[in-house]
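Below are the chains, spelled out letter by letter.
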Amino acid sequence: MTKKPNCRRAAAAMLAAIERGKTMDEAADRLSDLSPPDRRLAKAMVMFALRRRGDITAILAKYIKRNIPGRPHLARALLQIGAVQILLMDIPDHAAVAETVTACGRGEAPYRGLINAVLRKLVTEKKNSDKTNKDDTQKHGLSYDPLSNFPEWMVAQWRENYGSEKAESIADIHCQKPPLDLCFKSAEAMPLFINALSQSDISNINIHQLSPNVLRLMDAVDVETLPGFEAGDWWVQDYAATLPVIWLDKLLAENKQIDATILDLCAAPGGKTMQLASRGHHLTALDISASRLDRLKANLTRTLLTAEIIQADVMENTIPYLKEKTFDAVLLDAPCSATGTIRRHPDLPLHRREKEVLKLTEIQKNMLNRADKWVRVGGFLAYVTCSLDPREGEEQLKEFLEQHPNYEACAPTGLPDELCGHQNKGSAFGYLRTTPADWRDEGGMDGFFASVLKKIKAS
Ligand SMILES: C[S@@+](CC[C@H](N)C(=O)[O-])C[C@H]1O[C@@H](n2cnc3c(N)ncnc32)[C@H](O)[C@@H]1O
């Protein structure tokens, strides 16, 4: 008889792989032998460990004064996985300790006693703290210091750009599990979904309509089991990510272009491609990554939407299909540091380095200059990033406008006023800036920058 794969051990293996440089997607194969419920549990443990990495490291440091000798990658990860079960999850203490110790294999045998002792101390500390402590910043003896869960350079950037209070708020939201936003293909599909949901076995889930096309589910669920998934009535897309398309679509509509030709550069996995195609536009979706384009194709197939698909590097000089072609609009959703999406990618703070931002700004600048060639005179160029760093957003826009006097920035339209930042209204150019701390009471949103420019004459 084959042995049942151990959920805690798999979670620790995934966490250790991420700690050593793998992304969450790359390390997810460590969970592949688990049953679906065990896989969900293991993933939840890893997500908690990543989101509260600073707080967990601090409490473990109280009990482990010296470096663990040898090569303790998995042992250290098992300690983290044990700690999150005791301090952050609804798992009985005895099960958390016993199952985690059982998860130690031969390689961790030298650390078994240490893991057992430390986890038991955490249980005692939790019980003592629960008796005495009523403070929100400390639950089960675990201090909550949101900013400590992120690298210093990132925190310094947030403080500099958004002030101390907002930086703390951004960190706080990044430490939480995000809600699930569904973007509907048509506004008519949403009431049908709500009705079907109310008759399903998850009818008690909290929902909140954010816009005519976006519905927020406050608790994450298995998306494939939701009504309308197979029919392709909706796709998962954060509310903030839907806003640049709403703005661009509104400008096109004002120009009487309800079926515009649009080149979607850096399109995969296709959230904005689907949004634009569902509004009647003709899409050409380009991306460098074959695997991400496969996801885009699967998304289009499921939602019964269409786009011309090109696998190419934006910076390639000859892309035959695009030679001499111009479009009514070009959307550049450029590669960026993605610091606005950390709550969905809690591995990002571990891997991102400050110096990468400078390289990315160079790439974005070159891509913007290249995108300009495909915009017809009178057409629009939309530039989007999911970074919180103004060097990848506001400053990029300013520099492009200085170097391209044949473009003018369009005022945000069709968007909630407060997300366009009051400072923009008086400035020479308008843009959208969201941070995770916006609409906090409704669950926050991803951090995005977007601008839409009109090409008023040839360069
Ligand atoms: C922010 S993601 C795009 C998200 C997408 N627009 C959406 O809404 O689902 C950036 C994309 O840029 C692509 N990319 C990065 N460098 C590229 C290049 N030189 N040429 C084309 N695509 C590139 C990546 O493969 C990635 O899919």
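Rules of the game
All residue numbers refer to position in the chain's written sequence, counted from 1. Whole-chain, interface and lining totals are the exception, using all residues; otherwise, since this is a predicted model, local features are given only for residues with pLDDT of at least 70 and side-chain atom pairs are given and counted only at 80 or more. Excluded from the side-chain calculation are hydrogens and water; included are all heavy atoms of the structure. A run of H or I in DSSP becomes a helix once it reaches four residues, and a run of E becomes a strand once it reaches two; helices and strands are each numbered from the N terminus. For the radius of gyration, the atom set is restricted to C-alpha positions; the globular benchmark scales as 2.2 Å times the number of residues to the power 0.38. Partly exposed describes any residue whose relative accessible area lies between the buried limit of under 20% and the exposed limit of over 50%, with all areas from a 1.4 Å probe on protein chains only and scaled to the type maximum. Whether two residues are in contact is decided by their heavy atoms: any pair within 4.5 Å suffices. UniProt positions are given in the numbering used here, feature names are shortened, and annotations may be inferred rather than shown by experiment. Values of pLDDT, ranging from 0 to 100, describe the predictor's confidence in every residue of the model. Every case where a carboxyl oxygen of Asp or Glu lies within 4 Å of a side-chain nitrogen of Lys or Arg is listed as a salt bridge. Throughout, near means a residue has at least one heavy atom within 4 Å of the molecule or strand. For accessible areas, the Shrake-Rupley method is used with a probe of radius 1.4 Å. Any residue's cover is judged against the shown protein chains and nothing else. Three classes are used, and their members are as follows: Ala, Val, Leu, Ile, Met, Phe, Trp, Tyr, Cys and Pro are nonpolar, Asp, Glu, Lys and Arg are charged, and the others, Gly among them, are polar. An axis is simply a line fitted to the C-alpha atoms; with a helix, the fit covers only the stretch in contact. Between two such axes, the angle follows the N-to-C directions and lies from 0 to 180 degrees. Working definition: roughly parallel below 35 degrees, roughly antiparallel above 145 degrees, roughly perpendicular at 65 to 115 degrees, and oblique for all remaining angles. The crossing is said to be left-handed when, going from far helix to near helix, the turn is anticlockwise and less than a right angle, and right-handed when the turn is clockwise. Pairing between two strands requires that DSSP report at least two bridges joining them. Note that a disulfide, as used here, is simply two cysteine sulfur atoms within 2.5 Å. Pairing of aromatic rings covers Phe, Tyr and Trp, the last through its six-membered ring, and needs centres within 6.5 Å; plane angles under 30 degrees mean stacked, over 60 mean edge-to-face, and all others mean tilted.

Within an unreviewed UniProt entry, the label attached to the protein reads DNA translocase FtsK protein, and the organism entered is Candidatus Micropelagius thuwalensis.

The next thing to look at is the overall build of the protein. Along the backbone of the protein there are 17 helices and 14 strands. Relative to a compact globule of 459 residues, whose C-alpha radius of gyration would be 23 Å, the protein shows 24 Å and is just as compact. Across its three principal directions, the C-alpha atoms of the protein cover 70 × 50 × 45 Å. A burial count over the protein gives 54% of its 459 residues as buried. Pairs at least 24 apart in sequence give 73% of the contacts found in the protein among residues at least 6 apart.

The UniProt entry lists Cys386 under the feature "active site" (unreviewed entry), expressed in the numbering used here. Its place among the elements puts Cys386 in the loop between strand E11 (375–385) and helix H16 (394–403). If we skip the residues at most four places from it in the chain, Cys386 touches Cys336, Ala338, Thr339, Gly340, Thr341, Gly447 and Phe448.

The next subject is the confidence of the model for the protein. With 96% of its residues at a pLDDT of at least 70, the protein reaches an overall mean of 93. In the model, residues 422–426 has pLDDT below 50 throughout and makes 5 contacts with residues more than four positions away in sequence or in other chains.

What the rule picks out here adds up to 26 salt bridges. Note that Lys250 is salt-bridged to Glu254, the shortest N-O span being 3.9 Å. Here Lys250 pairs with Glu254, and both are found in helix H11 (residues 239–254), just 4 residues apart, close to one helical turn. Judged by its relative accessible area of 37%, Lys250 is partly exposed.

It is worth spelling out the site of the ligand at this point. Around the ligand lies a shell of 18 residues, among which Asp287, Arg292, Asp313, Val314 and Asp333 are the nearest. Burial of the ligand by the protein chains amounts to 83% of its free accessible area of 610 Å². Those elements giving two or more residues to the shell around the ligand turn out to be helix H12 (271–278) and strand E8 (282–287). Taken together, the residues of the shell around the ligand break down into 10 nonpolar, 3 polar and 5 charged.

As a further point, take the packing of helix H15 (residues 354–372) against H16. Packing of H15 against H16 leaves a shortest axis separation of 11 Å and a crossing angle of 40°. As the angle between them shows, H15 and H16 are arranged oblique. Where H15 crosses over H16, the handedness of that crossing is right-handed. Residues Thr361, Gln364, Lys365, Leu368, Asn369 and Asp372 of H15 form the contact with H16, whose own contacting residues are Gln396, Glu399 and Phe400.

Here 4 strands make up an open sheet; going across it, the order is E4-E5-E3-E6 and the pairing antiparallel. Looking at which strands have only one partner, the edges of the open sheet turn out to be strand E4 (207–211) and strand E6 (234–236). For this sheet the average axis-to-axis angle between neighbouring strands, irrespective of direction, equals 30°. Note: E4 against strand E5 (residues 214–217), 4 bridges, orientation antiparallel. Across the sheet, residue Ser211 finds its bridge partner in E5, namely Val214.

The subject of this paragraph is the state of the cysteines. One pass over the full model with this rule turns up 0 disulfides. Cysteine Cys175 is unpaired, with the sulfur of Cys386 as its nearest cysteine sulfur at 18 Å. For Cys175, a relative accessible area of 8% puts it in the buried group.

Right, let's get into the UniProt feature "binding site: S-adenosyl-L-methionine" (unreviewed entry) in the protein. Here the UniProt-annotated "binding site: S-adenosyl-L-methionine" (unreviewed entry) positions come out as Cys266, Ala267, Ala268, Pro269, Gly270, Gly271, Lys272, Asp287, Asp313 and Asp333. With respect to the helices and strands, Ala268 occurs in the loop between strand E7 (261–265) and H12. Residues in contact with Ala268, not counting those within four places in the same chain, are Asp287, Arg292, Leu293 and Leu296. Assignment of secondary structure puts Gly271 in helix H12.

Right, let's talk about the packing of aromatic side chains for a bit. Tallying each qualifying case throughout the model produces 8 aromatic pairs. Measuring from ring centre to ring centre gives 6.3 Å for Phe193 and Trp234, while their planes differ by 80°; the resulting arrangement is edge-to-face. Here Phe193, found in helix H10 (residues 189–198), pairs with Trp234, found in strand E6; they are 41 residues apart in sequence, far enough to count as distant. Here Phe193 and Trp234 have matching classes, each one buried. Plain terms: the ring middles of Tyr239 and Trp439 are 5.0 Å apart, the flat faces sit at 20° to each other, and that makes the pair stacked.

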